[in-house]
Amino acid sequence: MHPLQCVLQAQRCLRWGPLTSVSWLLLRTCRAHSGVRSSAGPSPERRQEDGVWKDFSSRLATGPTFQHFLRSASVPQEKPSTPDVEDPPPYLTVDDLLGRQRKVYLETYGCQMNVNDTEIAWSILQKSGYLRTSNLQEADVVLLVTCSIREKAEQTIWNRLHQLKSLKSKRLRSRVPLRIGILGCMAERLKEEILNREKTVDILAGPDAYRDLPRLLAVAESGQQAANVLLSMDETYADVLPVQMSPSATSAFVSIMRGCDNMCSYCIVPFTRGRERSRPVASILEEVRKLSEQVLQLIHERDNICKQIHLPAQSGSSRVLEAMRRGYSREAYVELIHHIRESIPGVSLSSDFIAGFCGETEEDHLQTVSLLQEVQYNMGFLFAYSMRQKTRAYHRLKDDIPEEVKLRRLEELITVFREEATKANKTFVGCTQLVLVEGLSKRSATDLYGRNDGNLKVIFPDVAMEDVTNPELRVQAQPGDYVLVKITSASSQTLKGHVLCRTTLKDSAAYC
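Rules used in this analysis
Residues numbered from 1 in each chain as written. Predicted model: local features only at pLDDT ≥ 70, side-chain atom pairs only at ≥ 80, totals over all residues. Heavy atoms only, no water. Pairing = 2+ DSSP bridges. Helix = DSSP H or I, 4+ residues; strand = E, 2+ residues; numbered from the N terminus. Contact = heavy atoms within 4.5 Å. Axes fitted to C-alpha atoms, helices over the stretch in contact; angles between N-to-C directions. 1 Å grid on protein atoms, 1.4 Å probe; cavity = no way out; pocket = protein on both sides within 12 Å on 5 of 7 lines; lining within 4 Å. Points joined across faces, edges and corners; volume = space filled by probe spheres on them. Nonpolar A, V, L, I, M, F, W, Y, C, P; charged D, E, K, R; others polar. Parallel < 35°, antiparallel > 145°, perpendicular 65-115°, else oblique. Polar contact = N/O pair within 3.5 Å; in protein donor to acceptor, adjacent residues only side chain to side chain. Salt bridge = Lys/Arg side-chain N within 4 Å of Asp/Glu carboxyl O. Buried < 20%, exposed > 50% of the residue type's maximum accessible area, 1.4 Å probe, protein only.

Observations concerning the sheet that holds strand β1 (residues 103–108)
Within a sheet, neighbouring strands are paired by backbone hydrogen bonds and run either parallel or antiparallel to one another.
Here is step 1: In space, the six strands of this open sheet follow the order β2-β1-β3-β4-β5-β6, with parallel pairing throughout. Each of the sheet's edge strands pairs with one partner strand only, and the pair in question is β2 (131–132) and β6 (226–228).
Here is step 2: Across two bridges, β1 lies against β2 in parallel orientation. Opposite V104, over in β2, you have R132 as the bridge partner.
Here is step 3: On top of the sheet, helix α5 (residues 112–127) reaches β1, β2, β3 (141–146) and β4 (179–184); it is set at about 170 degrees to β1, its chief contact.

A closer look at empty space enclosed by the protein
Here is step 1: The tally for this structure, following the rule as stated, stands at one cavity of 30 Å³ or more.
Here is step 2: Size it by volume and the largest cavity reaches roughly 50 Å³.
Here is step 3: If you go around the largest cavity, the residues you meet are N116, I120, T236, Y237, V240, P242, S255, R279 and E287.
Here is step 4: Grouping the amino acids of the lining of the largest cavity by side-chain chemistry returns four nonpolar, three polar and two charged.

Overview of the packing of α5 against helix α9 (residues 213–220)
Here is step 1: Packing of α5 against α9 brings their axes to within 9 Å, and their N-to-C directions diverge by 65 degrees. Taken together, α5 and α9 sit at an angle that is classed as roughly perpendicular. Within the contact between the two elements, α5 uses A121, I124 and L125 and α9 uses L213, P214 and L217.
Here is step 2: Counted by class, the contact of α5 with α9 contains six nonpolar, no polar and no charged residues.

Digging into the environment of S441
Here is step 1: Relative to the elements of secondary structure, S441 occurs in the loop between β12 (432–440) and β13 (447–451).
Here is step 2: Spatially, the C-alpha atom of S441 lies 8.8 Å from that of F460, the residues being 19 residues apart in sequence.
Here is step 3: From its side chain, S441 meets the backbone nitrogen of R443 in a polar contact 3.3 Å long.

Quick word on the pattern of salt bridges
Close approach of charged atoms allows side chains of opposite charge to pair.
Here is step 1: If you walk through the whole model with that rule in mind, you get 33 salt bridges.
Here is step 2: Notably, a salt bridge pairs E362 with R408, separated by 2.7 Å at the nearest N-O pair. Of this pair, E362 sits in helix α14 (residues 362–375) while R408 sits in helix α16 (residues 403–426), placing them 46 residues apart in sequence.
Here is step 3: According to the relative accessible area criterion, E362 is partly exposed, its value standing at 34%.
Here is step 4: We classify R408 as partly exposed; its relative accessible area is 34%.

Below, the structure is given as structure tokens:
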């Protein structure tokens, strides 16, 4: 009998939960290998040798632990990079594991972790040669990433399977058979019940078995049901880069851990997702870095995204940054600035700075001044340090900079910032800028203001102008309109110019 069938059979006979039954089988194995009897009472031989029969709990304590049977369980190791197709088991060939352009349709139910699971599963299948489709009717494989947190969530899946059963039965014989799979928490919790109750289901894969999806689908191609619902002590998919399911998504989540150890009395998660384990830090940072690179690339490519990044520095001194617990040095910050400017030519930068933080020396202050001069920010937010109760600084550091020194340093920072921002903003003089109109200027009823591509405020007269979409029409700019403004002067805060015409985002490229 297959090991999974043994486990499922034990669960059904003993009516224990999934983790309990697996533990029972393992403990029985432990006893067999450690020479400790599993019978309920003492043997005469044992009584003669030891003189007393130890109770079960004391014998269990001296035997091998669960960790003893897990290789490297105490220090989870990051898995090596997964090749496109792993070595197949003896009963399959490499070709069997290939997707051969079959189309996969994925549906996600439940929490954000399931969204991440979907992205991981698709990443694995994509590498095996599967294609993704958003059209259920053209799918060759339908995978439901499921939730078990409440009964209603599971009932939703049962209802969906009933709908898919009809789709599967109407499948044309000229097409490859439609395969249906249940992934995630419901597969882990119900296991055999799903396979017995819904013969339309071809594969089951628990949250720790997504790497096995190509094999499971290959087995299903032979007409058999296939399942892998084994929980892992170390699987984090650290080497699998999730593939975002929606190209138009405006946000992305990075998973840093899997499973849960809290064992809340109402919650099924520890039993469906297993023990808590964290991803290696290096893999988390690599995923964040790649996401950041994608963001920079998008900002550079898309005209409808403002080319402005706020990058708070707080100080130009590495020593002060360490005291602030910022997590980076001045050198690392400057390197990031250079990378951003290389990725997005003409990007506008803004930052935050604190004058007079605990222990700041004059040398530290001068390093902040030099950072302002080196980077030449377009916008800045500068303040004197004000200690707040309950913060780490309040409990562990001393607010030892006199108030007059803080204010003097703040004024020096503001002066330098304005000088450098004016230099940076004057590079726009003589250029034509695309401006998104926001409304009337606060200082002049005859002027309008808006923002350019770098989020800089632009002031221009509220006058009638040509409309590029209808040259014969004279219009007044309204909030939400795009206008072209030729810049004639600049300060540290604003750009000023005269308006040329009203335009659109698409048409403006011909002028700028």
